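Observations on chain architecture
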Amino acid sequence: MEGGNVREVMERIITDQRLLQSLADAVNQTQRRNVDIEVMGQFNRNTGDEASCSTLPNTGCSNAIYNLRRNFGCKRRGLGQGYSSSSALRKNSRESPTFCKELVLLPDNTFSHVPRRGMKAMLFGNGHVVSALEFNVSWDEQAVFESIKNAFSEKLSSCRIEILLGCHNKLVKPSLTPGQKLNGHMLKKIFTQRSIYVRPDRVLLELGGKRAENSDEDIIDVTEASALSFSSVQPSVCVENTSQRENMSSKSTFADDHSLPSESHICRSESVTAKTSVCEDTYRNYVDLLDTGSLSDDSDLNEAISRSLVDIQPMLEESCSLKEILKPLENSLSSEVVRYNITRRNVWDGTVRAMSRPNFSPTKQMDIKFTDNEGISEGAVDLGGPKREFLRLVLEYVRDHSGMFEGPQGKKVLACSIAALKGNSYFYAGQLMAMSIIHGGPPPQFLSPVLTEALICGPDKVIVSAEDVANEEIRSQIILIRDASSEDALEDAVSKASSILALSGCFRRIDMQNRGEVAIDIASWYVLQRTRAAYESFSEGLTALGMLNALKTYPVQLRCLFVESIERLTAEHLENLFKVHLSEAGSNKYHGECITLGFWRDYLQDAELKLTTVSLEEVLVFVTGSDKIPALGFSPAPSVEFLHDEDHRFPIANTCENVIRLPLKSKYEYFRKDMDFGIKNSHGFGRP
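First things first, this report covers the structure right here in the doc. Everything numeric in this text was worked out from a predicted model, so none of it was measured.

1. Topic: helix α6 (residues 117-125)
Turning to α6, its buried residues number three or more, namely Met119, Met122 and Leu123. Angular distribution of buried residues about the axis of α6 spans 100 degrees; they occupy a single face of the element. Exposed residues pointing more than 90 degrees away from the buried face of α6 are listed as Arg117, Phe124 and Gly125. Within two residues after α6, Gly127 carries a phi angle of roughly 75 degrees, on the positive side.

This is the structure we're talking about:
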């Protein structure tokens with residue numbers, strides 16, 4: 001071929017666009033196929049039909065899904081046989097009939113959080129953890145429970161147990177369809193990658209202050225940004241109109257939807273909501289890539305993906321402080337006022353009259369006017385002190401003298417009182433507890449853990465032990481049945497408890513196998529079911545100001561407001577609580593005040609050690625009107641001032657300003673004697 005002809009042919013090839021496009025497509029197709037084959041080979045995946053490898057999806061999120069399934073062999077309906085996972089090979093192999101699981105025995109019947117770190121180490125040290133208990137898939141439900149009891153034979157000899165599942169940091173019951181049993185096969189399916197938690201029906205291990213430590217460990221730290229984004233994960237809602245709340249009568253059911261930092265009750269700034277909305281959309285797009293069809297059959301991988309997509313709501317609930325939860329409820333209070341005319345010797349009578357009036361509403365401000373025995377008003381303007389004193393006195397009456405509660409101090413349960421039911425007193429008691437917390441009074445820390453748990457979860461979901469029964473005779477009868485060591489002892493115990501068995505409707509045969517279950521049923525009936533009418537009325541009253549809804553939403557933070565506090569009031573608490581106002585340093589007054597300040601601190605320590613006739617709670621009542629520190633704190637903060645006038649021998653307090661004025665003394669003995677006399681003989685507003 002001549003040079004001219006060659007040049008002519010080459011120019012024709014170069015200028016032919018269709019030919020160039022065909023050559024480029026061929027080169028690109030070969031490179032792409034080689035890369036796909038190499039990637040699949042590295043992951044031991046079958047390339048399948050090569051024709052399918054040459055066709056790529058168009059655009060968008062489906063491209064990412066396609067490459068995920070294609071390169072990692074995730075199975076999807078509608079695709080060819082080439083995309084299989086290694087789990088399919090495992091399915092063909094024969095499964096072992098036995099499997100091992102970690103077993104954790106919880107310390108008591110109210111434990112509801114997954115034990116972590118220090119708490120789990122403590123359980124391990126007390127023999128409450130079995131690292132690998134062997135089960136068999138062929139076992140029935142009875143064999144499963146017997147195996148668990150045998151693992152803790154010394155601790156569960158006469159206990160009834162329930163199996164719980166860890167869900168984030170909470171413990172829940174496995175959800176089974178009707179007819180399903182928790183046999184060996186079901187146990188392996190449900191607890192594939194989880195530990196088995198066993199909760200007894202009574203206290204096996206006293207925790208003391210360690211329960212609070214475990215709660216702190218379970219709280220997951222979140223950044224300030226995610227804390228501000230709290231409202232974005234919940235729909236915003238407008239606060240209910242004040243005028244609508246004010247028209248509610250005392251017997252109406254107060255809705256649980258007052259301003260509350262839970263579902264549909266938090267409103268943050270629009271800018272934060274807008275920013276978080278963008279993040280939510282991005283997160284949803286990410287989650288859409290991992291739809292159900294794209295997940296692997298590998299159980300380990302599915303478990304890891306499920307944990308990574310846990311809803312952040314429980315974490316945010318755990319991270320809220322007590323004041324952050326209660327502050328929106330306090331903000332729902334209106335500016336209108338309701339007057340209470342109260343006599344200290346009959347505080348309940350004036351309370352019921354005020355709460356029965358048509359203009360009463362828990363959201364209105366409280367104006368307390370105390371009168372003496374002759375009906376003459378004390379003349380004090382209520383700026384907070386009389387209100388705190390009234391709430392303290394009325395809660396003391398409800399706890400000790402109303403007949404609505406029974407049981408030891410700090411562990412009260414509801415009692416049956418026909419007079420209280422007829423007078424709607426249980427409803428008023430619930431309202432007053434909610435009002436005391438939100439209006440700045442002392443928290444009602446005298447309910448038993450069982451009653452508090454019933455308010456949170458419902459009375460049908462709470463396990464009651466014989467120790468929760470307030471009546472000593474009935475409690476001993478139930479314990480005799482539960483702890484019977486022989487058939488003869490059990491028969492004798494059943495005979496002694498025949499009346500309570502008949503009243504509770506327990507007519508089945510009681511033997512050594514079901515005696516523990518029968519004891520639980522009787523205790524549950526006596527404590528919760530026998531008083532069901534009172535419970536319903538009391539819980540309805542507790543819905544005032546959204547308190548019951550808040551308790552159900554934030555049980556970890558708010559439970560301490562209803563059960564007795566483990567931590568007692570100390571001299572150090574009061575020293576840190578009171579702000580001291582001293583004269584200018586170097587002045588004559590300053591020197592005397594410093595001496596008296598030392599006397600004051602010594603006096604608090606003596607009161608803590610019971611070396612004086614006055615307790616720390618009485619000191620707090622003298623200054624503030626409350627014997628406990630309110631959940632939202634004191635307003636204004638308590639303070640200490642000094643009396644330089646020699647005519648003032650005894651201390652003076654102003655409960656509205658939360659201030660105590662101390663007389664200057666030259667010796668501690670004089671100071672303590674006059675402090676004791678002044679506080680013990682003051683029945684009103686801090687003046688002896």
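2. Describing helix α17 (residues 385-400)
If you check α17, its first and last C-alpha atoms are 23 Å apart, about what 16 residues at 1.5 Å a residue would give, namely 22 Å. Burial analysis of α17 places 13 of its 16 residues in the buried class, which makes it a mostly covered element.

3. Let's talk about the nonpolar core
Judged by nonpolar contacts, the single largest core of 83 residues is most densely connected at Leu326, Tyr340, Phe390 and Phe405. With 10 residues, helix α19 (residues 425-438) is the single largest residue contributor to this core. Non-local contacts of Leu326, meaning those with residues more than four positions away in its chain, are made with Ile437, Ile438, Met547, Leu558, Leu561, Ala631 and Leu632. Counting residues in each nonpolar core, the second largest holds 27 residues, with Ala571, Phe578, Leu604 and Met675 among its members.

4. Overview of the pairing of strand β3 (residues 161-167)
Look at any regular strand and the pattern is simple: side chains alternate between the two faces of the sheet. Counting buried positions along β3 gives six out of seven residues, so the element sits mostly inside the fold. The pairing of β3 with strand β5 (residues 196-200) spans four bridges and is classified as antiparallel. Bridged to Ile161 within β5 is Pro200. Two strands pair when backbone bridges link them, and β3 and strand β4 (residues 170-172) are joined in this way by three bridges, in the antiparallel orientation.

5. A few points about the pairing of β5
In terms of burial, β5 is largely enclosed, as five of its five residues are buried. By the alternation rule, side chains of β5 split into Ile196, Val198 and Pro200 and Tyr197 and Arg199, which are all buried. Where strand β1 (residues 98-105) and β5 come together, three bridges link them in parallel fashion. Paired with Val104 across the bridge in β5 is Tyr197.

6. Topic: the sheet that holds strand β11 (residues 639-643)
The strand order across the open sheet formed by four strands is β10-β11-β13-β12, and the pairing between neighbours is mixed. Each edge of the open sheet is held by one strand with a lone partner, namely β10 (579-580) and β12 (652-654). Where β11 lies against strand β13 (residues 659-663), five bridges are found, and the strand directions are parallel. Within the sheet, the bridge partner assigned to Ser639 lies in β13 and is Val659. Packing of helix α30 (residues 616-624) onto the sheet brings it into contact with β12 and β13, and relative to β12 it is tilted by some 65 degrees.

7. Considerations on the sheet that holds β1
With mixed pairing, five strands are arranged side by side in an open sheet as β2-β1-β5-β3-β4. The open sheet is flanked by β2 (129-136) and β4, the only strands paired with a single partner. Looking at each pair of strands side by side, their axes are set apart by 45 degrees on average, direction ignored. With six bridges connecting them, β1 and β2 associate as antiparallel partners. What sits directly across from Thr98, in β2, is Asn136. Helix-sheet contacts for helix α7 (residues 141-151) involve β1, β2, β3 and β5, and the interaxial angle to β2 is about 150 degrees.

8. Some words on the packing of aromatic side chains
Throughout the structure, instances matching the rule amount to 13 aromatic pairs. Ring geometry for Tyr340 against Phe390: centres 5.4 Å apart, planes inclined by 45 degrees, an arrangement best described as tilted. One end of the pair, Tyr340, is in strand β6 (residues 337-343); the other, Phe390, is in helix α17, with 50 residues separating them in the sequence. Here Tyr340 and Phe390 have matching classes, each one buried. Ring centres 5.5 Å apart and planes at 25 degrees place the aromatic pair Trp348 and Tyr397 in the stacked group. Remark: Tyr397 occurs in helix α17 and Trp348 occurs in helix α16 (residues 347-356); sequence separation between them is 49 residues. Sitting above the plane of the Phe370 ring, Arg344 keeps its charged end 4.1 Å from the centroid. Its guanidinium or amino end placed over the ring of Tyr526, Arg530 lies 3.9 Å from that ring's centre, counting from NZ or CZ.

9. So, the environment of Ile368
Along the chain, Ile368 falls in strand β7 (residues 365-371). Residues Ile368 and Gly385, 17 residues apart in the sequence, show an inter-C-alpha distance of 9.2 Å.

10. Points about unusual backbone geometry
Here the amide bond leading from Ser635 into Pro636 is cis, since omega sits at 0 degrees, within 30 degrees of zero. In this structure, Lys610 is a non-glycine residue whose phi angle is positive, near 60 degrees. With respect to the helices and strands, the residue Lys610 is situated in the loop between α29 (588-608) and α30. Positive phi, normally seen in glycine, also occurs at Asn658, with a value near 55 degrees. Mapped onto the fold, Asn658 is located in the loop between β12 and β13.

Here is what the cut-offs are and how they apply
- Residues numbered from 1 in each chain as written.
- Predicted model: local features only at pLDDT ≥ 70, side-chain atom pairs only at ≥ 80, totals over all residues.
- Heavy atoms only, no water.
- Buried < 20%, exposed > 50% of the residue type's maximum accessible area, 1.4 Å probe, protein only.
- Helix = DSSP H or I, 4+ residues; strand = E, 2+ residues; numbered from the N terminus.
- Arc of directions from axis to C-beta.
- Expected span 1.5 Å × (residues − 1).
- Core = buried A, V, L, I, M, F, W, Y, C linked by side-chain atoms within 4.5 Å.
- Contact = heavy atoms within 4.5 Å.
- Pairing = 2+ DSSP bridges.
- Axes fitted to C-alpha atoms, helices over the stretch in contact; angles between N-to-C directions.
- Phe/Tyr/Trp six-rings, centres within 6.5 Å; stacked < 30°, edge-to-face > 60°.
- Lys NZ or Arg CZ within 6 Å of the ring centre and 35° of its normal.

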